[in-house]
Structures are given as structure tokens and as C-alpha cells.
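# Structural description and commentary
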Amino acid sequence: MRNQTFMILLATQLILFNNAVAQTNTITSFDEFMTLANTKSLTLKSGEIQLSQAKKAKLASILGILDPTGNVGLSYTNNTQLAVNLIPSEILGGQAGTFKEVKFGVQYNTTFNTNVDIKLINPVGWENFKLAKLNIQLTESSNKIALKNLYDNSATIFFSIATLQEQLKSTKENLAGAEKLYQTTVNKYQAGLVNQQDLNESTINKKTVEEQINQIEFLIQQQYIALKLLSDIPEEVQFSIEPKTQESVANIEVQNNQLLFNNALLNEQISFSNYKKAKYSVLPTFSVFFSSTEQQFNQRAKLFDSNVNWIPSSYVGFRLSMPLPSASSISQSYKAKYDHQLTKNNTEQFKIQSKHTSNQLIVDYEKAISQKTSNKAIYELRKDTYEKNLQNYEAGIISLDQTIRSFNEMVNSQYNLISAEKTVEMALTKININNKIK
């Protein structure tokens, strides 16, 4: 019975463990991570909302060209006491020069009226329509910039995690070397060949490597948190980054990414459109207007009486309106003018920067390749030196201090090599991002 209970508990634990493992995604490339990030990023979702808003604003601006205004009204009036009017008495056969008080109208009347005003010439309305189209393009451009920034920043943290994980792996391997050196020192101490100080230094060296493992693990956890914060990934979403090694690419092409320049150009066009809109605000508008009224007069308190005819009246006309310039409109016009000049300068700056950015990516990649080659050669030499020093220490030829120093130099050179390898991969990834998102 105990064996059966034990087997059931063991099976349950295995199921839970397998479920936990299944819920942790293993990410083997940066593109795989960005597929996950794209579905979670609130920044990107906000950009989609802003684009939808800009498209709706364009529809509204189409209506704004004609800028139709007006109203439809229905009123019902009970003239509880009709107004008194004075008319010459002689009309009613009275004495000339005198007036007679009379009341005109009926007690009840119902009025249905429609008023419409449509602008036929509206410079500001047309400029608003152009602005709405430019705002859609600017929102699309800004969304691309946000996407590229997300990719670039994510790549930095992604390869930082990859670097730390490789360094953690190498540190665990180096721990075995530190333990071997420690055991050799213990054996020498027990044989009376070294003193207590050497044993202490060997112990410190081993503990230092052990703590390096702990510190790297903490750093990895911090970087995972930073990556989740950057991409708005919920805490419960678990994933493990285990990227495959990317091979270096010879003669890689870096395209001239003009995303920021195009964005600046759109801002310049928008500022110029705002400037024209400010100037157009003092131009006249030409409108057609129309009014139609239906009235029903009744002696009975009835809103709609089918026995009483509706009396129509209407008119149509044209209106030319010219606003007078104000201090506010003049100030806005000058501000829009100088804002346009500033955006022109920004556009020129980004035009220059776009080419330099491409060159910088090439230099960063070539620099990383050179660093990787150099660090690899240094690591191999440091490793060979340490292995020979360890043999000499075991043979009693050199001191422990020299052996530990060569061990630490080997470890540091290995860290540098790993960092250089991942820097090459990150530089290559950022070039791909530059060529892809533009």
C-alpha cells in the first residue's frame, strides 16, 4: 500500500513538473523573442490606437472642408396673452391721428424649421484635410520608430543575458579548476610543502569563483526583469533565452536607414501646413445658406392638427465672411512660421545623421570582429599559461600566488572573449534591424 501511495505521489510530481516545463518557452533566437514581445508591447498597441484615431480624424476633416452647420427645430407655443399692436384708427373707420389697440395671431402655433450653412470656399478646411493626411503618415512613421527602438533596446538586453549565461557556464567550468587547485594546495599543506597562508589563498580563490556564480545568476535575473519591463511582458509569462551561435558575415551590407529623416521631413511638412493654416485663418469664407420653416396655427391646444394646413416659408442666400486679424491670430502666425524654420533645421540634421548612423553600425561590427579575434588569441595564450603554471605548481617549481594570478587572468580573458563574441552577434542583429525596419 505504501509503495502504491509513493508511486501516485511521484507520478503527480512528475506531471506537475512537466507542466511547469511546458509553460516555459525556450527562445533560441532574437527574432523568436521579438515575436513574443510584439504581442505584449503596450507601446506598439498604443501606436495602433493612435493610427486608428488619425484615420478617423481624416474622415472628420473631409466633412470639415464644407463645414456644414445648422439645426433642425420644433417648437410649440401657447400664446396665453397675445401681444397688443397699435394701428391707425382711420383704417377701421375711426378718427384720423388716433390709434387702435388690436391683437394679431392665434393662441396656438407649431413651428418646424431647418437651417443649413455650407462653406463653398474654405481655405482652413482644405488645409485641415492636408494636415489629417500628414498626421496619418507621421503616426505610421512614429510607430515604425517605436518598433525599431523596441528592437534595438531589446537586442541590447537580450545579448546581455546571452553573454551572462555563457559567462555563467564558463564560471562553473572554472570552479572545477579552482577546486582542483584548492585540493592540490590541501595535499601540499598536509604534506608540509606549503604554509597556512597558501591554503587560505587557495580557499579564497575557490570561494571567489563560487560567489561569481551567484552574482552572475543575480545579474541574469535582473536582466530578465528589465527585458520584461521593456516589452510589457507579464510576470507569469516564463521564457528561457538559449540563443544559437550566429556566424560572422563577411562584407555585410548596411543600408541607409532614413526612418528618422523621413519622420523629421513629415514634421517639417506638418509645421508648414500649420503655418499656412494660420495665414488662411484671416482669409474670407464663402458660404451658401438655406432656411425652411413650416408653421401651423390653431385655435385648439393641439400639437399637430390634421384639419389645419401647414404654412411654409423659406429662403436661400450666399454669405461672405471675413474675420478681422487679432493679436492672437497674428501671434500664432509668427509662431507657426518660426516653428517651421526650426523643423527645417531638424530635417537637415537627421539627413546628415542617417548616413553617419549607417557608417557607425559598420564600424561597430568591424570593431567587434577585431576584438573577438584578439580576445580569442589572448584567451588561448592565458589558458596555456595557466595550465603550465598549474603543472609547475604541482611540481613545486612556482608559487601559489603566481598560479592563482594566471588562473584569474585566464578567467578574465575568457569573460572578455565571451563578451566580444556576443557583441559581434548583437552588432550583426542591429544591422539586420536597421535594414529591416525603415
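This section reports on the structure supplied with the text.

Thresholds applied
- Residues numbered from 1 in each chain as written.
- Predicted model: local features only at pLDDT ≥ 70, side-chain atom pairs only at ≥ 80, totals over all residues.
- Heavy atoms only, no water.
- Patch = residues over 30% accessible without salt bridge, like charges linked within 9 Å, V, L, I, M, F, W, Y side chains within 5 Å.
- Areas by Shrake-Rupley, 256 points an atom, 1.4 Å probe, with all protein chains shown as cover.
- Salt bridge = Lys/Arg side-chain N within 4 Å of Asp/Glu carboxyl O.
- Helix = DSSP H or I, 4+ residues; strand = E, 2+ residues; numbered from the N terminus.
- Expected span 1.5 Å × (residues − 1).
- Polar contact = N/O pair within 3.5 Å; in protein donor to acceptor, adjacent residues only side chain to side chain.
- Contact = heavy atoms within 4.5 Å.
- Buried < 20%, exposed > 50% of the residue type's maximum accessible area, 1.4 Å probe, protein only.
- Phe/Tyr/Trp six-rings, centres within 6.5 Å; stacked < 30°, edge-to-face > 60°.
- Lys NZ or Arg CZ within 6 Å of the ring centre and 35° of its normal.

### Things to note about a nonpolar patch on the surface
- A contiguous nonpolar surface patch, about 660 Å² in accessible area, is contributed by Val72, Leu74, Tyr76, Phe112, Leu303, Phe304 and Trp310.
- Sort the elements by how many residues they give to the nonpolar patch and strand β2 (residues 69-78) lands first, with three residues.
- Relative to the assigned elements, Leu74 resides in strand β2.

### Let's talk about helix α8 (residues 400-436)
- With 37 residues, α8 should reach 54 Å at 1.5 Å per residue; the first-to-last C-alpha distance of 54 Å fits that figure.
- For α8, the side-chain oxygen to backbone nitrogen distance between the N-cap and Gln402 is 3.5 Å, and the N-cap itself is Ser399.

### A short note on unusual backbone geometry
- Of note, Asp67 is a non-glycine position whose phi angle comes to about 45°, a positive value.
- Counting through the fold element by element, Asp67 comes out in the loop between α3 (42-66) and β2.
- If you check the backbone angles, Asp232 has positive phi at about 60° while not being a glycine.
- If you trace the backbone, Asp232 turns up in the loop between α5 (196-231) and β6 (238-241).

### What about the environment of Ile145?
- Tracing the backbone shows Ile145 in helix α4 (residues 123-190).
- On a C-alpha basis, the gap between Ile145 and Glu166 in space is 31 Å, while along the polypeptide they are 21 residues apart.
- The contacts of Ile145, once residues within four sequence positions are left out, are Leu259, Leu260 and Asn263.

### Concerning the pattern of salt bridges
- Scanning the model with the defined rule gives 10 salt bridges in all.
- Ionic pairing is found between Glu127 and Lys276, a salt bridge with its closest N-O pair at 3.8 Å. Of the two residues, Glu127 sits in helix α4 while Lys276 sits in helix α6 (residues 259-280), which places them 149 residues apart along the sequence.
- Lys335 is the salt-bridge partner of Asp339, the closest N and O atoms lying 2.9 Å from each other. With Asp339 and Lys335 both in helix α7 (residues 327-394) and four residues apart, this pair spans about one turn of that helix.
- Overall, Asp339 belongs to the partly exposed group, its relative accessible area being 30%.
- What makes Lys335 exposed here is its relative accessible area of 54%.

### Description of the packing of aromatic side chains
- The tally for this structure, following the rule as stated, stands at 13 aromatic pairs.
- Taken together, a centroid distance of 6.2 Å and an interplanar angle of 40° make the contact between Phe33 and Phe158 tilted. Residue Phe33 is located in helix α2 (residues 30-40), and its partner Phe158 is located in helix α4; the two are separated by 125 residues in the primary sequence. Of the two residues, Phe33 and Phe158, neither departs from the other in class, the shared state being buried.
- Against the face of Tyr393 rests Lys188, its NZ or CZ located 5.1 Å from the ring centre.

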